[in-house]
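Close look at the chain arrangement
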Amino acid sequence: MPRFLFLIILGFSLLTQGCLSGDKKGEGPWDPESIYFDYRVNGNEEDSLITVLLHFRQGDEEGDAFKLPDPASVMLDGQVVAGDSSKMGGYYYEVQLPLSSFSGHHKILFTGLNGKKYEEEFDFQPISIIRPAGNMLRNDSIVFEFAGLKPEDYLRVLMTDTTFPGLGINRLDTVRNGLLIIPAVDVAGLVPGPVQIMFTREFEKPLENATKSGGRLLITYRLIREFILKD
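Residues numbered from 1 in each chain as written. Predicted model: local features only at pLDDT ≥ 70, side-chain atom pairs only at ≥ 80, totals over all residues. Heavy atoms only, no water.

1. Re the overall build of the protein chain
This is how it is decided: Numbering of helices and strands runs from the N terminus, with a helix taken as a DSSP run of H or I at least four residues long and a strand as a DSSP run of E at least two residues long. Whether a residue is buried, partly exposed or exposed follows from its accessible area with a 1.4 Å probe, protein chains only, as a fraction of its type maximum: under 20%, in between, or over 50%, in that order. Residue contacts follow a heavy-atom distance rule, with two residues in contact if any of their heavy atoms lie within 4.5 Å. Surface accessibility follows the Shrake-Rupley procedure with a 1.4 Å probe radius. Residue values consider only the protein chains on display as shielding.
Tallying secondary structure elements over the protein chain gives 2 helices and 15 strands in all. Counting across all 231 residues of the protein chain, residues that qualify as buried make up 42%. Of all intrachain contacts in the protein chain linking residues separated by at least 6 positions in sequence, the fraction that spans at least 24 positions is 63%. Approximately 12,400 Å² of the protein chain is accessible, and the part contributed by carbon and sulfur atoms is 54%.

Encoded structure:
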(Lines give C-alpha, C1' and ligand atoms only; values in the text may rest on other atoms or scores of the structure.)
Protein backbone atom coordinates (compact mmCIF):
# COMPACT_ATOMS: atom_id res chain seq x y z
CA MET A 1 0.00 0.00 0.00
CA PRO A 2 2.69 2.61 0.85
CA ARG A 3 4.64 1.92 -2.36
CA PHE A 4 1.44 2.14 -4.39
CA LEU A 5 0.62 5.48 -2.78
CA PHE A 6 4.13 6.79 -3.44
CA LEU A 7 3.90 5.82 -7.11
CA ILE A 8 0.59 7.65 -7.44
CA ILE A 9 2.05 10.80 -5.84
CA LEU A 10 5.22 10.67 -7.92
CA GLY A 11 3.37 9.86 -11.15
CA PHE A 12 0.89 12.67 -10.61
CA SER A 13 3.73 15.10 -9.94
CA LEU A 14 5.55 14.18 -13.15
CA LEU A 15 2.32 14.28 -15.14
CA THR A 16 1.50 17.72 -13.80
CA GLN A 17 4.94 19.04 -14.70
CA GLY A 18 4.58 17.73 -18.23
CA CYS A 19 1.09 19.16 -18.72
CA LEU A 20 2.04 22.57 -17.37
CA SER A 21 5.31 22.88 -19.22
CA GLY A 22 3.70 24.21 -22.39
CA ASP A 23 5.78 21.92 -24.60
CA LYS A 24 4.77 21.78 -28.24
CA LYS A 25 6.46 20.37 -31.26
CA GLY A 26 7.56 23.27 -33.44
CA GLU A 27 10.35 25.15 -35.09
CA GLY A 28 12.79 27.30 -33.18
CA PRO A 29 12.71 31.09 -32.96
CA TRP A 30 14.59 33.15 -35.52
CA ASP A 31 16.37 35.17 -32.84
CA PRO A 32 19.12 32.98 -31.28
CA GLU A 33 19.11 35.12 -28.13
CA SER A 34 15.46 34.27 -27.44
CA ILE A 35 16.23 30.59 -26.72
CA TYR A 36 15.80 29.55 -23.09
CA PHE A 37 17.86 26.49 -22.04
CA ASP A 38 15.97 24.11 -19.74
CA TYR A 39 18.38 21.38 -18.56
CA ARG A 40 17.33 18.61 -16.17
CA VAL A 41 19.25 15.66 -14.72
CA ASN A 42 17.07 13.07 -12.97
CA GLY A 43 17.86 9.82 -11.21
CA ASN A 44 16.84 7.47 -8.47
CA GLU A 45 18.50 4.59 -6.71
CA GLU A 46 16.05 1.93 -7.91
CA ASP A 47 16.43 2.56 -11.66
CA SER A 48 20.26 2.62 -11.66
CA LEU A 49 20.00 5.08 -14.56
CA ILE A 50 20.44 8.81 -14.95
CA THR A 51 18.26 10.70 -17.42
CA VAL A 52 19.54 13.93 -18.93
CA LEU A 53 16.57 15.81 -20.40
CA LEU A 54 17.13 18.99 -22.40
CA HIS A 55 14.44 21.38 -23.63
CA PHE A 56 14.95 24.48 -25.74
CA ARG A 57 12.14 26.95 -25.17
CA GLN A 58 10.97 30.17 -26.72
CA GLY A 59 11.59 33.15 -24.48
CA ASP A 60 11.50 31.73 -20.95
CA GLU A 61 10.89 28.62 -18.84
CA GLU A 62 7.18 28.67 -19.68
CA GLY A 63 7.75 28.96 -23.43
CA ASP A 64 7.06 26.28 -26.03
CA ALA A 65 9.78 23.66 -26.54
CA PHE A 66 10.94 23.30 -30.13
CA LYS A 67 13.10 21.21 -32.43
CA LEU A 68 16.56 22.60 -33.12
CA PRO A 69 16.89 23.40 -36.85
CA ASP A 70 20.06 22.27 -38.60
CA PRO A 71 22.91 22.91 -38.08
CA ALA A 72 22.15 23.73 -34.42
CA SER A 73 22.94 20.86 -32.03
CA VAL A 74 23.50 19.88 -28.42
CA MET A 75 26.12 17.52 -26.99
CA LEU A 76 26.73 15.89 -23.64
CA ASP A 77 30.37 15.09 -22.87
CA GLY A 78 31.24 15.22 -26.56
CA GLN A 79 28.38 13.00 -27.75
CA VAL A 80 25.47 14.37 -29.79
CA VAL A 81 22.14 14.12 -27.98
CA ALA A 82 19.34 13.00 -30.29
CA GLY A 83 15.97 14.72 -30.35
CA ASP A 84 12.54 13.18 -30.05
CA SER A 85 8.97 14.25 -29.38
CA SER A 86 5.76 13.10 -27.73
CA LYS A 87 2.20 14.38 -27.64
CA MET A 88 2.45 15.13 -23.95
CA GLY A 89 6.08 16.21 -23.64
CA GLY A 90 6.57 18.04 -26.91
CA TYR A 91 10.07 18.15 -28.40
CA TYR A 92 12.98 17.16 -26.20
CA TYR A 93 16.58 15.89 -26.24
CA GLU A 94 17.28 12.97 -23.95
CA VAL A 95 19.97 10.48 -23.05
CA GLN A 96 20.00 7.78 -20.36
CA LEU A 97 23.27 6.64 -18.82
CA PRO A 98 24.22 4.14 -16.09
CA LEU A 99 24.32 5.66 -12.64
CA SER A 100 27.50 3.68 -11.89
CA SER A 101 29.48 5.62 -14.50
CA PHE A 102 27.83 9.04 -14.25
CA SER A 103 29.45 10.34 -11.07
CA GLY A 104 31.84 13.20 -11.74
CA HIS A 105 32.19 16.18 -14.05
CA HIS A 106 30.03 16.76 -17.16
CA LYS A 107 29.61 19.31 -19.91
CA ILE A 108 26.63 20.28 -22.04
CA LEU A 109 27.56 22.09 -25.26
CA PHE A 110 24.91 23.88 -27.30
CA THR A 111 25.79 25.18 -30.77
CA GLY A 112 23.35 27.66 -32.31
CA LEU A 113 22.44 28.37 -35.92
CA ASN A 114 25.00 31.16 -36.00
CA GLY A 115 27.75 28.82 -34.75
CA LYS A 116 27.88 30.44 -31.32
CA LYS A 117 28.62 27.94 -28.56
CA TYR A 118 27.34 27.82 -25.01
CA GLU A 119 29.02 25.46 -22.53
CA GLU A 120 27.54 24.49 -19.21
CA GLU A 121 29.53 22.34 -16.76
CA PHE A 122 28.22 20.53 -13.73
CA ASP A 123 29.18 17.85 -11.23
CA PHE A 124 26.98 14.93 -10.28
CA GLN A 125 27.31 12.98 -7.05
CA PRO A 126 24.62 10.44 -6.08
CA ILE A 127 23.67 10.20 -2.45
CA SER A 128 23.43 6.99 -0.47
CA ILE A 129 22.40 5.89 3.00
CA ILE A 130 25.39 4.53 4.88
CA ARG A 131 23.66 4.10 8.23
CA PRO A 132 19.99 3.15 8.01
CA ALA A 133 17.81 3.90 10.96
CA GLY A 134 17.89 1.20 13.63
CA ASN A 135 14.81 0.25 15.63
CA MET A 136 11.81 2.20 14.37
CA LEU A 137 9.86 3.09 17.50
CA ARG A 138 6.97 5.52 17.44
CA ASN A 139 8.17 7.42 20.50
CA ASP A 140 11.81 7.79 19.38
CA SER A 141 13.64 10.02 16.93
CA ILE A 142 14.85 8.40 13.70
CA VAL A 143 18.42 9.05 12.51
CA PHE A 144 19.75 8.49 8.99
CA GLU A 145 23.33 9.01 7.84
CA PHE A 146 24.08 9.88 4.20
CA ALA A 147 27.11 9.95 1.94
CA GLY A 148 27.45 12.27 -1.04
CA LEU A 149 26.15 15.43 0.63
CA LYS A 150 27.84 18.69 1.57
CA PRO A 151 28.59 19.40 5.28
CA GLU A 152 25.32 21.35 5.30
CA ASP A 153 22.79 20.22 2.73
CA TYR A 154 19.06 19.81 2.22
CA LEU A 155 16.73 16.92 1.45
CA ARG A 156 13.00 16.85 0.89
CA VAL A 157 11.53 14.19 3.16
CA LEU A 158 8.21 12.52 2.29
CA MET A 159 7.13 9.91 4.80
CA THR A 160 3.77 8.11 4.69
CA ASP A 161 2.05 5.28 6.52
CA THR A 162 -0.79 3.03 5.33
CA THR A 163 -3.61 5.38 6.32
CA PHE A 164 -5.33 7.32 3.58
CA PRO A 165 -5.43 10.20 3.90
CA GLY A 166 -2.55 10.25 6.39
CA LEU A 167 -0.83 13.36 7.66
CA GLY A 168 2.65 11.92 7.25
CA ILE A 169 5.68 14.18 6.76
CA ASN A 170 6.41 16.33 3.71
CA ARG A 171 9.06 19.00 4.15
CA LEU A 172 12.55 20.22 3.33
CA ASP A 173 15.02 19.16 6.04
CA THR A 174 18.57 20.24 6.80
CA VAL A 175 21.27 17.56 6.82
CA ARG A 176 24.40 18.42 8.81
CA ASN A 177 27.57 16.38 8.45
CA GLY A 178 25.57 13.66 6.74
CA LEU A 179 23.07 13.25 9.58
CA LEU A 180 19.31 13.68 9.22
CA ILE A 181 17.22 13.50 12.38
CA ILE A 182 13.46 13.08 12.31
CA PRO A 183 12.24 14.14 15.77
CA ALA A 184 10.10 11.84 17.90
CA VAL A 185 7.25 14.38 17.87
CA ASP A 186 6.98 13.95 14.08
CA VAL A 187 7.31 10.18 14.18
CA ALA A 188 4.51 10.00 16.75
CA GLY A 189 2.10 11.33 14.14
CA LEU A 190 2.50 8.18 12.04
CA VAL A 191 0.42 5.03 12.45
CA PRO A 192 2.39 1.91 13.51
CA GLY A 193 2.96 -0.56 10.73
CA PRO A 194 4.49 -0.30 7.23
CA VAL A 195 5.98 3.12 6.53
CA GLN A 196 7.70 4.38 3.40
CA ILE A 197 10.05 7.33 3.20
CA MET A 198 11.36 9.14 0.14
CA PHE A 199 14.44 11.39 0.27
CA THR A 200 14.82 13.82 -2.63
CA ARG A 201 17.82 16.05 -3.24
CA GLU A 202 17.17 18.93 -5.65
CA PHE A 203 19.80 21.32 -6.87
CA GLU A 204 18.78 24.16 -9.17
CA LYS A 205 20.84 27.04 -10.50
CA PRO A 206 20.71 29.55 -13.35
CA LEU A 207 23.05 28.69 -16.21
CA GLU A 208 26.38 30.49 -16.29
CA ASN A 209 26.58 30.47 -20.10
CA ALA A 210 23.29 31.12 -21.86
CA THR A 211 21.50 33.46 -24.25
CA LYS A 212 19.89 36.71 -23.11
CA SER A 213 16.79 34.67 -22.27
CA GLY A 214 18.83 32.62 -19.80
CA GLY A 215 18.37 29.06 -18.63
CA ARG A 216 18.46 26.72 -15.65
CA LEU A 217 19.97 23.42 -14.56
CA LEU A 218 17.93 21.20 -12.24
CA ILE A 219 19.50 18.05 -10.75
CA THR A 220 17.19 15.66 -8.89
CA TYR A 221 18.02 12.37 -7.18
CA ARG A 222 15.73 10.16 -5.04
CA LEU A 223 16.07 7.36 -2.51
CA ILE A 224 13.19 5.27 -1.15
CA ARG A 225 13.16 3.12 1.97
CA GLU A 226 10.52 0.99 3.66
CA PHE A 227 10.36 -0.10 7.30
CA ILE A 228 8.02 -1.20 10.06
CA LEU A 229 7.17 1.36 12.71
CA LYS A 230 6.46 -0.13 16.14
CA ASP A 231 4.80 1.24 19.26
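2. A word on unusual backbone geometry
In this structure, Pro 71 follows Asp 70 across a cis peptide bond, with omega equal to 10 degrees. Inspection of the secondary structure assignment puts Pro 71 in the loop between strand 2 (49-58) and strand 3 (73-76). Unlike most non-glycine residues, Asp 77 shows phi in positive territory, near 50 degrees. Phi angles above zero are rare outside glycine, and Asn 177 is one such case at about 50 degrees. Structurally, Asn 177 is set in the loop between strand 12 (169-176) and strand 13 (179-182). Judged by relative accessible area, which is 63%, Asn 177 ranks as exposed.

3. Quick word on the layout of surface pockets
As a reminder, the rule being used: In this analysis a 1.4 Å probe is tested at points of a 1 Å grid over the protein atoms alone, and where it fits but cannot get out there is a cavity; an open set with protein on both sides within 12 Å along at least five of seven lines is a pocket; lining residues have an atom within 4 Å of a point. Grid points are joined across faces, edges and corners, and a volume is the space filled by probe spheres set on the points. Note on residue categories: nonpolar means Ala, Val, Leu, Ile, Met, Phe, Trp, Tyr, Cys or Pro, charged means Asp, Glu, Lys or Arg, and polar means any other residue, Gly included.
Roughly 190 Å³ of volume is contained in the second largest pocket. Taken together, 14 residues make up the lining of the second largest pocket; nearest its centre are Asp 123, Phe 124, Gln 125, Arg 201 and Ile 219. Secondary-structure elements contributing two or more residues to the lining of the second largest pocket are strand 8 (117-124), strand 14 (193-206) and strand 15 (215-229). Counting residues per element, the lining of the second largest pocket draws most heavily on strand 15, which supplies 3 residues. Residue composition of the lining of the second largest pocket, grouped by class: 7 nonpolar, 3 polar and 4 charged.

4. Looking at the environment of Leu 207
Within the secondary structure, Leu 207 is located in the loop between strand 14 and strand 15. Residue class for Leu 207 comes out buried when judged on its relative accessible area of 12%. The sequence separation of Leu 207 and Glu 119 amounts to 88 residues, and the corresponding C-alpha distance is 9.3 Å. Not counting residues up to four positions away in its chain, the partners in contact with Leu 207 are Phe 37, Tyr 39, Glu 120, Gly 215, Arg 216 and Leu 217.

5. A few points about the packing of aromatic side chains
Between two aromatic rings, the relevant description is the distance of the centres plus the angle of the planes. Just so we agree on the cut-off: Ring geometry is summarised as follows: Phe, Tyr and Trp rings, the Trp one being its six-membered ring, pair when their centres sit within 6.5 Å, and such pairs are stacked at plane angles under 30 degrees, edge-to-face over 60 and tilted between the two.
This model, assessed by the stated rule, comprises 15 aromatic pairs. Ring geometry for Phe 37 against Phe 56: centres 5.7 Å apart, planes inclined by 85 degrees, an arrangement best described as edge-to-face. Here Phe 56 lies in strand 2 and Phe 37 lies in strand 1 (residues 35-44), a separation of 19 residues in the sequence. With a centroid separation of 5.3 Å and an interplanar angle of 65 degrees, the aromatic rings of Phe 102 and Phe 124 are classed as edge-to-face. On the criterion of sequence distance, the pair formed by Phe 102 in the loop between strand 6 (90-98) and strand 7 (104-111) and Phe 124 in strand 8 is long-range, its members being 22 residues apart. Exposure remark for Phe 124: the relative accessible area of 4% places this residue in the buried category. An aromatic cluster of three or more residues is present, and its members are Phe 37, Tyr 39, Phe 56, Tyr 91, Tyr 93, Phe 110 and Tyr 118.

6. Comments concerning the pattern of salt bridges
This is how it is decided: Salt bridge criterion: a side-chain nitrogen from Lys or Arg within 4 Å of a carboxyl oxygen from Asp or Glu.
Taken as a whole and assessed by the stated rule, the structure comprises 15 salt bridges. Across the pair Glu 33 and Lys 116 runs a salt bridge, and its minimum N-O distance is 3.8 Å. Pair noted here: Glu 33 is in the loop between helix 1 (2-20) and strand 1 and Lys 116 is in the loop between strand 7 and strand 8, with a separation of 83 residues, a long-range link. Residue classification places Lys 116 among the partly exposed positions, given a relative accessible area of 43%. A salt bridge links Glu 61 to Arg 216; the shortest N-O distance between them is 3.6 Å. Within this pair, whereas Glu 61 is found in the loop between strand 2 and strand 3, its partner Arg 216 is found in strand 15, the two being separated by 155 residues in sequence.

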